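# Structural overview
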Amino acid sequence: MHYPLNPDVYNDDVALEPIRAGFGRGLKAAGEANEEIVALCADLTESTQMHLFKEAFPNRFVEIGVAEQNLVTVASGMARAGKIPFTSSYAAFSPGRNWEQIRTTITLNDMPVKVIGSHAGISVGPDGATHQMLEDIALMRVLPNMVVLAPGDSIEAEKATRAIAENGKPSYMRLARDKTAIFSTEESPFEIGKAYVLREGHDVTLAGTGAMTYQLLVAAKLLEKHHINAEVVHVPTIKPLDDETILASVRKTGRVVTAEEAQIIGGFGGAVAELLGDQLPTPLLRLGMQDRFGESGAPAELIAHFKLDGKSIAERVKQFIDDVPRYHQGF
Amino acid sequence: MSGQLTITQLEKKANDVRQDIIRMLEAAGSGHSAGPLGLADIITALYFNIMNIDPANPEWADRDVFFLSNGHTVPVQYAVMAERGYFDVDELKTLRKLGSRLQGHPERTKLPGLENTSGPLGSGLSQAAGYAYSLQYIDDSKHRWVYVVTGDGELDEGNIWEAAMFAGKYKLSQLIVFIDRNNIQIDGSTDDVMPLENLRGKWESFGWHVQEIDGHNIESVIDAASMARAISNKPSVIISHTIPGKGVDFMEYDYKWHGVPPNKEQAKEALHKLRTLNGKITGEHQ
């Protein structure tokens, strides 16, 4: 199926908006649709964009204070009382600080609590490594019973928020602080567990999650000049992974590059490596944070420094294609 | 309501529960002895007198709810639930066995009637507070009560004090907590491992109504719960002084019985002692 991309996606003046803004709108809309939805925040209400919900439904908003362990466990208890709780903080603190509480009282306990980790990735910027959460995907992905999402832009974040509000499952959604390009449209599809081919190609599969998908689109455009025809697959659901869509693309291209603003160990790249290792061993290049922490800097500076911008990615993909053979041709 | 049993009958029931616990732990070959025995009177009072529940309909929408925060003491909860009719007493011997609904630490999804999953300490109080918050502020459901049991060693956990601050701020008056103040934890006495006193002062300073009782006096347990329900502007904590291993003299007060079960000989002796005690209960109250 054809995925409707923002027509301006390859222009320099493509519209920008923080992914978290979409969450804020989605939560308010979800709250209008379902009165069981409640929101809990650990002293970061505006920053995580929960203020829209709080203003609309003051009686269903709970201020927890700087207490992330309490944030998710109070939410677990509210879920037992029939509510659908959304919890928010910075990803470094939730799920960074409170992993065991999420494990025991939400996933093992099977409570439909939504853990929203804002300010994930190195694009947090000047706050530095302590606040640049890079391990959240690994931490959440390993938990049985947990859905893990990293929407690619603010429009998709709004849809993803509406979707987890009604999925009846423990769910983690990662958001980012900085403004990022809007590559999807209101008409673009979103379903939990689905990956989407944004751009068809046959030389290499570029699979991205979160805002990195935009950088892959930019890279794919640049690779045209080198006569490399890249397929771009957007994977907003890291768990459950859309094996079918990813494998179908890989069978066609025989090479895979993943990109994420997170540790490749255990992260999205790790998930794809597991899938390919199990079902279709294929040369794989994982772009992301290579077993190291971030540091302070401007968001765009950091993305470029760690070679996660479209231009750097195009160079790395070209090198990868030059270096490794293509597998599965004709599968 | 199920307040038909007299105090004497409740005491006898708690003794039956203690015998169940000994048999369960011996059959399981692992588990905690001291805590469950020490809590038998409080949990019996909750399920047989204090709480408004229906064992035939564990998800009854008007029920009172019970959150066990120190999940390692769950054998006492299982035993009381079985005695109360949630499931057959025979099932108790499956404790900790493969395929059992009676997991070593309680899992809500396995056994109807459990309100939470716990074991890692410090989280049950927050879950209960979340439930109480929903009743008080969202559902306006004033006739339901949320009961919690926590350990005292468990109070070392930071999560507990986050919950204490939260419940105090929101004046969660439908939240009633029993602290099993038995003075032991795995590494020794609570005083040696991490002193908790001034415990009353700590809770008062967090905005809680505090009572202290003898946790083996069932009448006191029932009265304290009643007083707690009458306090309309604060959460309530009932510091319940208990004897770890209560009812089995060679286990009483000894922290070494915190995390081990009785062997066959010890179980036989423990059951003998409990049966002897049972005779005394009948005698005293006639």
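Residue numbers run consecutively from 1 along every chain, following the written order of its sequence. All chains are assigned letters beginning with A, and all ligands numbers beginning with 1, in the order in which they are written. Residues qualify for local features only when their pLDDT is at least 70, as the model is predicted, and side-chain atom pairs are given and counted only at 80 or more; totals for whole chains, interfaces and linings, by contrast, use all residues.

## So, the overall build of chain B
The secondary structure listing takes helices from DSSP runs of H or I that are at least 4 residues long and strands from runs of E that are at least 2 residues long, numbered from the N terminus. Helix and strand content of chain B: nine helices and seven strands. Since a compact globule built from 286 residues should have a radius of gyration of about 19 Å, the 18 Å found for chain B is in line with a globular shape. Taken along its principal axes, the extent of the C-alpha atoms in chain B is 50 × 45 × 45 Å. For the exposure call, what matters is how many other C-beta atoms sit within 10 Å of a residue's own: 20 or more marks it buried, 12 or fewer exposed, and in between partly exposed, using C-beta atoms placed from the backbone. Across the 286 residues in chain B, those meeting the buried criterion constitute 52%. Contact criterion: two residues are in contact if their C-beta atoms, reconstructed from the backbone, are within 7 Å. Residue pairs at least 24 apart in sequence account for 77% of intrachain contacts in chain B once pairs closer than 6 positions are excluded. Within these notes, the globule rule equals 2.2 Å times the number of residues to the 0.38 power, and the radius of gyration is based on C-alpha atoms.

## Structural notes on the nonpolar core
Grouped burial of nonpolar side chains is what soluble globular proteins tend to show. Formed by 186 residues in total, the largest nonpolar core has its most connected members in Leu206(A), Val317(A), Ala129(B) and Val146(B). For this core, the element with the most residues is helix H2 (residues 34–50) of chain B, which contributes 11 residues. Residues enter a nonpolar core if they are buried, belong to Ala, Val, Leu, Ile, Met, Phe, Trp, Tyr or Cys, and are joined to the set through C-beta atoms within 7 Å.

## Side note on the sheet that holds strand S3 (residues 61–63) of chain A
Residue and element names in this part refer to chain A. Within the open sheet, the seven strands sit side by side as S3-S2-S4-S5-S7-S6-S12. Their pairing is mixed. The strands lining the two open edges of the sheet, one partner per strand, are S3 and strand S12 (237–239). Ignoring which end each strand starts from, the neighbouring axes of this sheet average 20 degrees apart. Relative to S3, strand S2 (residues 37–41) is paired through three bridges, and the arrangement is parallel. Considered in S3, the bridge of Ala39 is made with Phe61. Whether two strands pair comes down to DSSP finding at least two bridges between them. With axes taken as lines fitted to C-alpha atoms, and helix axes fitted only over the stretch in contact, angles between N-to-C directions fall between 0 and 180 degrees.

## As for the domain arrangement of chain A
Residue and element names in this part refer to chain A. Structurally, chain A comprises domain 1 (16–181) and domain 2 (196–323). Domain 1 puts 29 residues into the contact, and the matching count from domain 2 is 30 residues. Of all the secondary-structure elements, those providing two or more residues to the side of domain 1 that touches domain 2 are helix H5 (136–141), strand S6 (147–149), helix H6 (154–165) and strand S8 (179–181). An automatic or database domain assignment is the source of the domain bounds shown.

## Quick look at the environment of Gly294(A)
Residues and elements named next belong to chain A. Within the secondary structure, Gly294 is located in the loop between strand S14 (284–289) and helix H10 (299–305). Looking at Gly294, the number of C-beta atoms within 10 Å reads 23, which means it is buried. Measuring from C-alpha to C-alpha, the distance between Gly294 and Ala262 comes to 9.9 Å, with 32 residues separating the pair along the chain. Those residues in contact with Gly294 that sit more than four places away from it in its chain are Ile122, Ala129, Gln132, Leu134, Met289 and Leu302.

## Observations regarding helix H1 (residues 7–28) of chain B
End to end, H1(B) covers 31 Å across 22 residues, agreeing with the expected 32 Å (1.5 Å per residue, within 8%). One or two residues past the end of H1(B) sits Gly29(B), with phi positive at roughly 75 degrees. To estimate how far a helix should reach, multiply one less than its number of residues by 1.5 Å.

## Remarks on the sheet that holds strand S1 (residues 65–68) of chain B
All names here are of chain B. The five strands lie next to each other as S1-S2-S3-S7-S6, forming an open sheet whose pairing is parallel. The sheet terminates laterally at S1 and strand S6 (209–214), the two strands that pair on one side only. Within this sheet the neighbouring strands show an average axis-to-axis angle of 20 degrees, counted without direction. Strand direction decides the pairing type here: strand S2 (residues 146–151) and strand S3 (residues 175–181), joined by six bridges, are parallel. Of the residues in S3, the one forming a bridge with Tyr147 is Ile176. On top of the sheet, helix H8 (residues 218–230) reaches S3, S6 and strand S7 (236–241); it is set at about 170 degrees to S6, its chief contact.

## Quick look at the interface of chain B and chain A
Taken together, the contact pairs 25 residues of chain B with 24 residues of chain A. Contributions of two or more residues to the side of chain B that touches chain A are made by helix H4 (124–138) and helix H5 (158–169) of chain B. It is H4(B) that provides the largest number of residues to the side of chain B that touches chain A, a total of 11 residues. Classifying every residue of the side of chain B that touches chain A gives 10 nonpolar, 11 polar and four charged. The residue classification treats Ala, Val, Leu, Ile, Met, Phe, Trp, Tyr, Cys and Pro as nonpolar and Asp, Glu, Lys and Arg as charged. All others, Gly included, are polar.

## Remarks on the environment of Ala270(B)
Residue and element names in this part refer to chain B. Mapped onto the elements, Ala270 comes out in helix H9 (residues 264–284). Taking the C-beta count within 10 Å as the criterion, Ala270 has 26 such neighbours and is therefore assigned buried. On a C-alpha basis, the gap between Ala270 and Ile22 in space is 7.3 Å, while along the polypeptide they are 248 residues apart. When sequence neighbours within four positions are dropped, the list of residues in contact with Ala270 reads Ile22, Val248 and Pro262.

## Comments concerning the pairing of strand S13 (residues 256–263) of chain A
Residues and elements named next belong to chain A. Summarising burial for S13: eight of the eight residues are buried, a large majority. By the bridge criterion, four bridges tie strand S10 (residues 204–208) to S13 in an arrangement that is parallel. Each residue of the ladder has a partner; that of Thr205, found in S13, is Val256. With five bridges connecting them, S13 and S14 associate as parallel partners. In the strand pairing of S14, Val257 is matched with Leu285. Read as a crossover between parallel neighbours, the route from S13 over helix H9 (residues 268–279) to S14 is right-handed. Handedness of a crossover is defined as follows: with both strands directed away from the viewer, a clockwise route from the first strand across the helix to the second makes it right-handed.

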